[in-house]
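Read off the chains here:
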Amino acid sequence: MSLDIDQIALHQLIKRDEQTLELVLRESLLPTNATVEAMVEELHRVYSAKSKAYGLFNEESELADALRNCRKGEDDFLAFSRAATGRLRDELAKYPFAEGGVVLFCHYRYLAVEYLLVAVLSSQNSMRVNEELDISTTHYLDINHADIVARIDLTEWETNPESTRYLTFLRGRVGRKVADFFMDFLGASVGLDTKAQNRGLLQAVDDYCAESQLDKGERQNYRQQVYSYCNEQLQAGEEIALEDLSKELPPLGEKTFQAFTQEQGYELEETFPADRSTLRQLTKFAGSGGGLTLNFDAMLLGERIFWDPATDTLTIKGTPPNLRDQLQRRTGGGN
């Protein structure tokens, strides 16, 4: 992995009681060695693979001002990280889910792009077997389950200040509160809405097929082509590019897909990140609620699965063998 660490600082927040988060600040930057490099590479890999929300700094953002001063050389990285950890403690202490952890600030480069990554990493206990085959307790940073993480694309921020996507953060397992906390700490607001972009793409595909009066099979084949391109981009860690997608698709009538989206005003970005859950709707129907979970291929609607909107009833013809076996055993047993 072509990742170069420029500077890295570690501090700690310790939860003493329900009201207190103690601040422990390191007096020097963390020296870079093979272990530190491996940790940052793992954190970068895990973070890059997760679904993220996008944002941009507000004009009054204290962290943005401090970061600018640091970038200009008016403040060193350690001092910046120490002050930022204090602000982070103040914001995090407002929320009942605050558990503290190791606070990491890392300035690094990956593929000619500069990043600042900020994370609060929790420690977990585990067991290890030593060379004498004795078992002992060990602690490790739980990078795979880190959910309080934000990353600033410094290159994008400084070269394209009008961008709405240079800042990313995780929404986290505990829901919107993590997102709210990061917005307050970063002094930022929500930027590019990835899900809205993906939903707009799906609507444009359906409208394009409808205008061309494709039959059911042709529409589904077209959706499958769109999904194949988008999924390849997702797997490769690349964004959806409207121009490239349009070139992959056969034009329907006189207009290409890209020309259609521009004429109809879908307000799609030229490129935007793929959202896995939204794109899945191109080929599947899925939903859950009230103790019921359904997931089926879109091509089955109208063939083996029928929906009556008047009664909100789904009729399924032909159940999966393993489900049928469960039903037969349950009903046959008189339960």
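None of the values given here were measured: they were computed from a predicted structure.

**Digging into the packing of helix α2 (residues 62-71) against helix α3 (residues 77-92)**
Argument step 1. The contact between α2 and α3 brings their axes to 10 Å, and the two run at 170°. For the element pair α2 / α3, the angle class is roughly antiparallel. Each of E62, L63, A66, L67 and C70 in α2 lies in contact with α3, whose residues at this interface are F77, F80, A84 and R87.
Argument step 2. Across the contact of α2 with α3, the residue classes tally to seven nonpolar, no polar and two charged.

**Quick look at the sheet that holds strand β5 (residues 113-121)**
Argument step 1. Here we have eight strands laid out as an open sheet, ordered β2-β1-β4-β5-β8-β9-β3-β10, and antiparallel in their pairing. For this open sheet the edge positions go to β2 (21-25) and β10 (188-190), each flanked by a neighbour on one side alone. Direction aside, neighbouring strands of the sheet carry axes that sit 25° apart on average.
Argument step 2. Note: strand β1 (residues 3-15) against strand β4 (residues 100-110), 11 bridges, orientation antiparallel. Residue pairing across strands places L3 opposite Y110, the latter belonging to β4.

**Considering the domain arrangement of the chain**
For interface size, the figure often reported is the accessible area lost on association.
Argument step 1. Taken domain by domain, the chain comprises domain 1 (3-191), domain 2 (195-282) and domain 3 (284-332).
Argument step 2. Averaged C-alpha coordinates put domain 2 and domain 3 at centres separated by 28 Å.
Argument step 3. Each side of the interface is counted separately: domain 2 has five residues, and domain 3 has six residues.
Argument step 4. Roughly 390 Å² of surface becomes buried between domain 2 and domain 3 when both sides are summed, with 47% attributable to carbon and sulfur atoms.

**Let's talk about the confidence of the model for the chain**
Argument step 1. Chain-level statistics for the chain give a pLDDT mean of 88 and a share of 95% at 70 or above.
Argument step 2. Least confident of the elements in the chain is helix α5 (residues 176-186), whose mean pLDDT is 71; most confident is helix α4 (residues 154-159), at 96.

**Regarding the packing of helix α6 (residues 194-211) against helix α9 (residues 257-264)**
Argument step 1. For the pair α6 and α9, the least separation of the axes is 10 Å and the interaxial angle reads 105°. Taken together, the axes of α6 and α9 lie roughly perpendicular to each other. Within the contact between the two elements, α6 uses L201, A204, V205, D207, Y208 and E211 and α9 uses F257, F260, T261 and Q264.
Argument step 2. For the contact of α6 with α9, the per-class residue count stands at six nonpolar, two polar and two charged.

**Quick look at α2**
In an α-helix, one full turn covers 3.6 residues, which means residues spaced three or four apart are oriented alike.
Argument step 1. Where α2 is concerned, the buried positions are L63, A64, L67 and C70. Buried residues in α2, looked at end-on, bunch into an arc of 120°, giving them a common side.
Argument step 2. At the N-terminal boundary of α2, the capping side chain belongs to S61, with an oxygen 3.1 Å from the backbone nitrogen of A64.
Argument step 3. Trailing α2 by a residue or two, G73 shows a phi angle of about 85°, which is positive.

**Examining the side chain of R165**
Argument step 1. On the secondary structure map, R165 appears in the loop between α4 and β9 (167-169).
Argument step 2. The exposure class assigned to R165 is buried, which follows from its relative accessible area of 18%.
Argument step 3. With residues near it in sequence (within four places) discarded, R165 still touches Y54, G55, E156, L192, E239, T271, F272 and P273.

**Looking at the pattern of salt bridges**
Argument step 1. This structure, assessed with the given rule, holds 17 salt bridges.
Argument step 2. The residue E114 makes a salt bridge to R71 at a minimum N-O spacing of 3.1 Å. Taken as a pair, E114 in strand β5 and R71 in helix α2 lie far apart in primary sequence, 43 residues in all.

Rules of the game
- Residues numbered from 1 in each chain as written.
- Predicted model: local features only at pLDDT ≥ 70, side-chain atom pairs only at ≥ 80, totals over all residues.
- Heavy atoms only, no water.
- Axes fitted to C-alpha atoms, helices over the stretch in contact; angles between N-to-C directions.
- Helix = DSSP H or I, 4+ residues; strand = E, 2+ residues; numbered from the N terminus.
- Parallel < 35°, antiparallel > 145°, perpendicular 65-115°, else oblique.
- Contact = heavy atoms within 4.5 Å.
- Nonpolar A, V, L, I, M, F, W, Y, C, P; charged D, E, K, R; others polar.
- Pairing = 2+ DSSP bridges.
- Domains from an automatic or database assignment.
- Buried area = accessible area lost by both parts, 1.4 Å probe.
- pLDDT = per-residue confidence, 0-100.
- Buried < 20%, exposed > 50% of the residue type's maximum accessible area, 1.4 Å probe, protein only.
- Arc of directions from axis to C-beta.
- Polar contact = N/O pair within 3.5 Å; in protein donor to acceptor, adjacent residues only side chain to side chain.
- Salt bridge = Lys/Arg side-chain N within 4 Å of Asp/Glu carboxyl O.

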